[in-house]
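Topology and contacts: notes
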Amino acid sequence: MTTTVLAYFPSPPRGVWHLGPVPIRAYALFIIIGIVVALLIGDRRWEARGGERGVIYDVALWAVPFGLIGGRLYHLVTDWRTYFGEGGAGLGAALRIWDGGLGIWGAVALGGVGAWIACQRRGIPLPAFGDAIAPGIVLAQAIGRLGNYFNQELFGRETTLPWGLEIFYRRDPAGFVDVHSLDGVSTGQLAMVVQPTFLYELLWNVLVFVALIYLDRRFTIGHGRLFALYVAGYCLGRFCIELLRDDAATHIAGIRINSFTATFVFIGAVVYLMLAPKGREDPATLGGAVAEEPIPEPTEEMVTVSAPSAAAAAAEEPEATAVVREAEAAEADAPEAEVAVTSEEEPEAEEPEAGEAEAAEPEVEEAEPAELEPEKPETEQPEAGEPSSQAEEPESQAEELREAEEPSSSTAARWRSRLRRLNPRSRQ
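Counting restarts for each chain, with residues numbered from 1 along the sequence as it is written. Given that the model is predicted, a residue must reach a pLDDT of at least 70 before its local features are reported, and side-chain atom pairs must reach 80 or more before they are shown or counted; all residues, however, enter totals for whole chains, interfaces and linings. Only hydrogens and water are set aside; all other atoms, that is, all heavy atoms of the structure, feed into the side-chain values.

Heads up, the condition is: UniProt positions are given in the numbering used here, feature names are shortened, and annotations may be inferred rather than shown by experiment.
If you check an unreviewed UniProt entry, the chain appears there as Phosphatidylglycerol--prolipoprotein diacylglyceryl transferase from Mycobacterium fragae. What the UniProt record of the chain gives under Pathway (unreviewed entry) is the line "Protein modification; lipoprotein biosynthesis (diacylglyceryl transfer)." Listed in UniProt under the heading Sequence similarities (unreviewed entry), the comment for the chain reads: "Belongs to the Lgt family."

What follows is the structure, encoded as structure tokens:
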């Protein structure tokens, strides 16, 4: 009876796929995915802390390019012999960032400079931005380590542990066979079984991510202290993982240079954590320059512009008064016109005799000044046999005239009240 023990796990057969003439590189793909995830998480956390939604993306336009350049520069400085030493790959290879080779220390350092520039332009505090984005950064690092897995790089020493990583030889398009061939395809020939240090760092970064989220919800952490916790936690794990790695690297006194970097950065993060203010920023300070833009004080140009406008308004005021007066006059004349129209529309009565007409005319003429004189003029008595309606007709016309004049005074009063409402100065 035989027992089969599941041991080791293989590395991917290739790290590059071609979509026509366009190469799709696993390393670059996972870096991009990590950046997107970090921005999504950071944007939600920034809004939860009181900031404006979308600010994280504006800052990322500065931080991400700076971070990529800083990460590449750190890799070139700490591994310069690979590119510029005797038999090195040369300057062209140093610029091919998609082939791998980004130092997280340089990426965070120079990316922080880009973030500082963007925060200054937006008027928001850099420590608060760091606290919001820190969990997303460490999770992005965990996702990026999958690119190292596809590239067959950053592995440790040979091991017999059951979770060891199988490394195979790869043949590139030129026919060159090597375990570090980034463009090659696995030949199926096993080269070695090593410590999967990429996996260790991936799991450690996920653990740091969970710890940061928990601590931020459990305690009130701000002023860059959560970002310092991320840096300290990552450096602690990276120092231990560096002791297991056996790939090519620059050494100082027999110690890998990344071990020195992790130690010094860890000390700096702990010191900042101890000296930084306790508590968290006031959400009102996260609005930035856009939310707190002061109202500009009036300048000489604004005063000069407002003076002609005031003069124009004063010039238009008499015109408005004249229009209102014309309206009053029109309303005053309206009742007379109505009386005239009414008298025209009245049915014609039977024409009286010539004597009767002459007697009626003076009565009408005397009826008009009746309103001014207190004494009523004497009216001639109609002749015997004439109908009484003809004698009373002039009196009814005088009454209509008096009634027609009364509405005109009330109409004028209404126009005056409207004028007072339209022009407040008329009340003074």
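After presenting the structure, the write-up continues.
**As for the UniProt feature "binding site: a 1,2-diacyl-sn-glycero-3-phospho-(1'-sn-glycerol)" (unreviewed entry) in the chain**
Rules: The helix count covers DSSP runs of H or I at least four residues long, the strand count covers runs of E at least two residues long, and both are numbered beginning at the N terminus. Whether two residues are in contact is decided by their heavy atoms, any of which lying within 4.5 Å being enough.
Taken from the UniProt record, the annotation "binding site: a 1,2-diacyl-sn-glycero-3-phospho-(1'-sn-glycerol)" (unreviewed entry) applies to Arg145. With respect to the secondary-structure elements, Arg145 resides in helix H6 (residues 126-151). Those residues in contact with Arg145, other than ones at most four positions away along the chain, are Leu154, Phe198, Glu201, Leu202, Tyr234 and Arg238.

**Comments concerning the nonpolar core**
Counted only if it meets this: Nonpolar core, defined: a set of buried Ala, Val, Leu, Ile, Met, Phe, Trp, Tyr and Cys residues in which side-chain atoms within 4.5 Å join the residues together. Think of it in three bands: residues with accessible area under 20% of the maximum for their type are buried, residues over 50% are exposed, and the middle band is partly exposed, with areas taken using a 1.4 Å probe on protein chains only.
Ranked by internal contacts, the top residues of the largest apolar core, which has 19 residues, are Trp105, Val138, Leu212 and Tyr230. Those elements that provide at least two residues to this core are helix H5 (104-122), H6, helix H7 (197-218), helix H8 (225-242) and helix H9 (257-275). Looking at which element gives the most residues to this core, the answer is H8, with 6 residues. Setting aside anything within four residues of it in sequence, one finds Trp105 in contact with Tyr74, Tyr234, Cys235, Arg238, Asn258, Thr261, Ala262 and Val265.

**Section: the UniProt feature "transmembrane region" (unreviewed entry) in the chain**
According to UniProt, the feature "transmembrane region" (unreviewed entry) maps to residues 24-42, 54-77, 97-119, 198-215, 227-245 and 257-275 in the numbering used here. Secondary structure content for residues 24-42 is 89% helix and 11% strand, and the end C-alpha separation is 27 Å. Along residues 227-245, the helical share is 84% and the strand share 0%, with 27 Å between the first and last C-alpha atoms.

**As for the pattern of salt bridges**
Basically, it comes down to this: Salt-bridge detection follows one rule: a side-chain nitrogen of Lys or Arg within 4 Å of a carboxyl oxygen of Asp or Glu.
The final tally for this structure, using the stated rule, is 13 salt bridges. The salt bridge partner of Glu52 is Arg122, with a shortest N-O separation of 3.4 Å. Of this pair, Glu52 sits in the loop between helix H1 (26-48) and helix H2 (55-78) while Arg122 sits in helix H5, placing them 70 residues apart in sequence. A salt bridge links Glu201 to Arg145, with the shortest nitrogen-to-oxygen separation between them at 2.8 Å. Here the residue Glu201 occupies a position in helix H7, and Arg145 occupies one in helix H6, the gap between them amounting to 56 residues. Residue Glu201 is classed as buried on the basis of its relative accessible area of 4%. Overlapping salt bridges, with partners in common, bring together Arg145, Glu201, Arg238, Glu242, Arg245 and Arg256 in one network.

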